[in-house]
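Structure assessment
Below, each chain spelled out in residue letters.
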Amino acid sequence: MLVLVITNFFVFISGIVLSDEINNFESKTDSLRKVNLSLEKEVANLGSLKFANEQAKKLGFTNLSAPQSLDQLEYAYRH
Amino acid sequence: MLQVINSPENKSPYLKTNKLTPIRGRIYDKFNHPLVLNQNSYLLYLEPKKIIDKDKLINSLSNSLEVTEASISAKIDMSKYWLSIQSGLTQEQKDKIQKLNLKGIGFDYQTKRFYPEASLSAHLLGFLGKNDQGEDVGYLGLEGFYNRDLQGLPGFVETERDIIGRPILIGVQQRVESENGRDLVLTIDKTVQEISKKKLLEGLDLYKAKKGCIITADPKTMAILSLVCLPDYDLEKYYLFSEDFYKNSAISDLFEPGSIFKPLIMAAALEEKKIKPNDTYNETGQVSIGEYNIKTWNDKYEGKISMTRILEKSSNVGMVYVGEKLGSKKIYDYLGKYGFGQTTNIDLQGEASGYLKPKADWYPIDYSTVTFGQGIAVTSIQMIRAFASIINGGNLMKPYLVQKIVSENKITEIKPKVEKRVISQLTSEIIKKMLVSTVENAEAKWNLPKGYVIGGKTGTAQIPIKGHYDPSKTIASFIGFAPASDPKFITLVVLYEPQTSPWGSETAAPLFFEIVKQLIVYYNISPSR
């Protein structure tokens, strides 16, 4: 009888521990999913043409980016 | 003690069923650069019965959400248990509001669409709105056309939980996983899209046009490389725009194509061996068809001219001659072969079929005017598809935007599809040479990139209003391809009602060549002479 009570108690405690773990994993999975989406957004932002344009403007690059050699091909051929 | 096992009436108060919402599919360009992703978002709600200080709450929310106190106050009904206040809050906004420690507020997690390239491809992508049940639904563009693929299948989890929310392991546990939406990999190249949009913006500004579209495609496959129409709308705030802005002109607006149509009839006549490129036509003056007189754009006539010269100088009377040689039956047959009057079945929501009136309703004048692109209404996508068929060896292709549909365990590849053969390889080579000559010997002189062989044709169509043409309003266009020997791309530029000049040669054509200069650098195409 005592063995049954102890076993029952053990199963009960294990159940609570396991339930806690399930709960923890569920919330961790949820937060990982959210972090994943945030990181995906950040990476996409950094790789976007929009970001490149902003940086180019900041660095004064756009004025120099036109393909000059097309209208003066002889320049491109000679040099 | 009496226990009832598995009685359906004995539903545990601890049994909780949650819907597992699938993540909507993402959309990428041809190099897997993201165009549409999902991002974390929160719905702010109120539980009015739990509010302690209503005025403080309204004031704090007004400051945090940057909306007026009156609009928040109007939403609050103290007799309700739950009220939605604002959706689409970012993590930062949520954290900021949570720090205020307001009683009676809460947050529900949601996802919303995120556009890394902002509105680079608004018409193309479409947007995600709600249906009358408050569920997410894609509207227009790819979101609309591929809604079922993108939305995925919801799952559910049914589980017995104790009073603090922990699963009861010996209780009911049932879980049906959701299936996330499928990702779309497009044929669109975001760099070509960016070039097109930038140039179109400049063009609309420079030529004071009302609106415009640019489509670039691979002529061999009709994989669309870019498709942009302006004005467009902000995808993030689509609800601030009227429905007129949602319409994708490239697939929904009909227009009379004008002279860009001439090469199609010329190719048909060549294919039927009714003419040869060096055949001559004696261009002496206006041509009368019934009560109508047809003239050239400047009412000047050159005498004996070749078929190639008819295209070079865009002679309407010359095209009437070509049409007469081809014959009315063949003209009508070829319009069908080129796919006019039918949808192209491009994978976008909202395509119009164009209008090709029944053969019985055609008068002799219609067969004459259609040879120079008047009296027929087409969409831009139909026009570029038909034109691609005469330069790609003769195949009418189905235009498409999605090259891969990617699900969790399967990748479906979409291959180019030949709809029908319209003309032969030989005729295609001949018409390409004629179109190169058209660019090089056109009456207008353009700033062509030196060393490159480019083919194309200008178009200027008057806009029909109440049974007559408005002389002050035109649709200016240019369709061209490069490099002519083995075209890497075909581009159609359409400008509606340009104010600086009504002519395609002075508006759409220079814009086309500006785009070409950028594309030949981007594609690393070397000069051939």
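Bear in mind that the values here come from a model prediction, so they are computed numbers and not experimental data.

Across its full length, chain A holds three helices and zero strands. Shown N-terminal to C-terminal, the secondary structure of chain A runs as helices and strands in the order α-α-α. Put simply, chain A has 79 residues, and 4% of those count as buried.

What follows concerns the overall build of chain B. Of regular secondary structure, chain B possesses 16 helices and 23 strands. Projecting the C-alpha coordinates of chain B onto the three principal axes gives extents of approximately 110 × 50 × 50 Å. Here chain B holds 529 residues, and the buried ones make up 43% of them. Sequence-distant contacts in chain B: of pairs separated by 6 or more residues, those separated by 24 or more amount to 72%.

All names here are of chain B. Pairing within the open sheet is antiparallel, and its five strands lie in the order 12-11-23-22-21. Every other strand in the sheet has two partners, leaving strand 12 (223–230) and strand 21 (455–465) as the edge strands with one partner each. If you compare each strand with its neighbour and ignore which way they point, the axes differ by 15° on average. Judged from the 11 bridges that link them, strand 21 and strand 22 (residues 468–482) form a sheet pairing that is antiparallel.

Residue and element names in this part refer to chain B. Taken in spatial order, the three strands of this open sheet run 1-8-9, and their pairing is antiparallel. The open sheet has two edge strands with one neighbour each: strand 1 (15–20) and strand 9 (173–176). The sheet shows a mean angle of 15° between the axes of neighbouring strands, direction not considered. Direction of pairing for strand 8 (residues 155–160) relative to strand 9: antiparallel, over a ladder of four bridges. Looking at strand 9, one finds that Glu158 is bridged to Gln174.

The next subject is the packing of helix 9 (residues 262–271) of chain B against helix 15 (residues 425–440) of chain B. Residues and elements named next belong to chain B. Axis separation between helix 9 and helix 15 bottoms out at 10 Å; the angle between their running directions is 140°. Between helix 9 and helix 15, the crossing angle belongs to the class labelled oblique. Every pair of crossing elements has a handedness; the one defined by helix 9 and helix 15 is right-handed. Of helix 15, the residues touching helix 9 (which contributes Pro263, Met266, Ala267, Leu270 and Glu271) are Thr427, Ile430, Ile431, Met434 and Leu435. Considered class by class, the residues forming the contact of helix 9 with helix 15 number eight nonpolar, one polar and one charged.

This paragraph deals with helix 16 (residues 508–522) of chain B. All names here are of chain B. Here helix 16 spans 21 Å end to end across 15 residues, near enough to the 21 Å set by a 1.5 Å rise per residue. Ala508, Ala509, Leu511, Phe512, Phe513, Glu514, Ile515, Val516, Lys517, Gln518, Leu519 and Ile520 are the residues of helix 16 that are buried. Looking at the packing, one finds that the buried side of helix 16 touches helix 7 (190–207), strand 11 (211–218), strand 21, strand 22 and strand 23 (489–496). Count one or two residues on from helix 16 and you reach Asn524, which has phi positive near 60°.

All right, on to the packing of helix 7 of chain B against helix 16 of chain B then. Residue and element names in this part refer to chain B. One can describe the packing of helix 7 onto helix 16 by two numbers: an axis separation of 10 Å at closest approach and a directional angle of 155°. One finds that helix 7 runs roughly antiparallel with respect to helix 16. By crossing handedness, the relation of helix 7 to helix 16 is classed as right-handed. Contacts between helix 7 and helix 16 pair Thr191, Val192, Ile195, Ser196, Lys199 and Gly203 from the former with Leu511, Glu514, Ile515, Gln518, Leu519 and Tyr522 from the latter. When grouped by side-chain class, the residues that make up the contact of helix 7 with helix 16 number six nonpolar, four polar and two charged.

The subject of this paragraph is the interface of chain A and chain B. At the interface, 20 residues of chain A touch 22 residues of chain B. Looking at the side of chain A that touches chain B, the elements that each hand over two or more residues are helix 1 (2–46) and helix 2 (49–58) of chain A. In terms of residue count, the dominant contributor to the side of chain A that touches chain B is helix 1 of chain A (13 residues).

Turning our eyes to something else, we now look at the domain arrangement of chain B. Residue and element names in this part refer to chain B. Under the domain assignment, chain B is made up of domain 1 (15–186) and domain 2 (190–235 + 250–522). Distance from the C-alpha centre of domain 1 to the C-alpha centre of domain 2: 45 Å. Tallying the contact residues gives 28 residues for domain 1 and 22 residues for domain 2. Within the residue set of the side of domain 1 that touches domain 2, elements represented by two or more residues are helix 4 (122–125), helix 5 (141–145) and strand 10 (183–186). Across the side of domain 1 that touches domain 2, the residue classes tally to 14 nonpolar, eight polar and six charged.

All names here are of chain B. Judged by nonpolar contacts, the single largest core of 121 residues is most densely connected at Ile215, Ala217, Ile265, Met266, Ile384 and Phe387. For this core, the leading source of residues is helix 16, giving nine residues. For this core, the two domains that each supply at least three residues are domain 1 (15–186) and domain 2 (190–235 + 250–522). Here Ile265 is in contact with Met319, Val322, Gly323, Leu326, Ile331 and Thr371, once residues within four sequence places are set aside.

Turning our eyes to something else, we now look at the environment of Pro510 of chain B. Residue and element names in this part refer to chain B. Considering the arrangement of structural elements, one finds Pro510 in helix 16. Expressed as a C-alpha distance, the spacing of Pro510 and Gln91, which sit 419 residues apart in the sequence, is 47 Å. Those residues in contact with Pro510 that sit more than four places away from it in its chain are Trp446 and Asn447.

Residues and elements named next belong to chain B. Relative to strand 7 (residues 136–139), strand 6 (residues 127–130) runs antiparallel, the two being bridged by four bridges. Paired with Gly129 across the bridge in strand 7 is Val137. Hairpin geometry of strand 6 and strand 7 is characterised by an intervening segment of five residues between the two adjacent antiparallel strands and by a positive phi of about 80° at Gly134.

With that settled, the discussion passes to the environment of Tyr233 of chain B. Residue and element names in this part refer to chain B. In this structure, Tyr233 sits in the loop between strand 12 and helix 8 (249–252). Judged by C-beta crowding, with 19 C-beta atoms within 10 Å, Tyr233 ranks as partly exposed. It is 31 Å that separates the C-alpha atoms of Tyr233 and Ser73, two residues lying 160 residues apart in sequence. Setting aside chain neighbours within four positions, we find Tyr233 in contact with Ser119, Ala122, Tyr238, Phe241, Phe245 and Tyr246.

End to end, helix 1 (residues 54–65) of chain B covers 16 Å across 12 residues, agreeing with the expected 16 Å (1.5 Å per residue, within 8%). Just downstream of helix 1 of chain B, Glu66 of chain B is the residue with a positive phi angle, here 55°.

Rules used throughout
Residues numbered from 1 in each chain as written. Chains lettered and ligands numbered in written order. Predicted model: local features only at pLDDT ≥ 70, side-chain atom pairs only at ≥ 80, totals over all residues. Helix = DSSP H or I, 4+ residues; strand = E, 2+ residues; numbered from the N terminus. Buried ≥ 20, exposed ≤ 12 C-beta atoms within 10 Å, placed from the backbone. Contact = placed C-beta atoms within 7 Å. Pairing = 2+ DSSP bridges. Axes fitted to C-alpha atoms, helices over the stretch in contact; angles between N-to-C directions. Parallel < 35°, antiparallel > 145°, perpendicular 65-115°, else oblique. Left-handed = near helix turned anticlockwise from the far one by under 90°. Nonpolar A, V, L, I, M, F, W, Y, C, P; charged D, E, K, R; others polar. Expected span 1.5 Å × (residues − 1). Domains from an automatic or database assignment. Core = buried A, V, L, I, M, F, W, Y, C linked by C-beta atoms within 7 Å.

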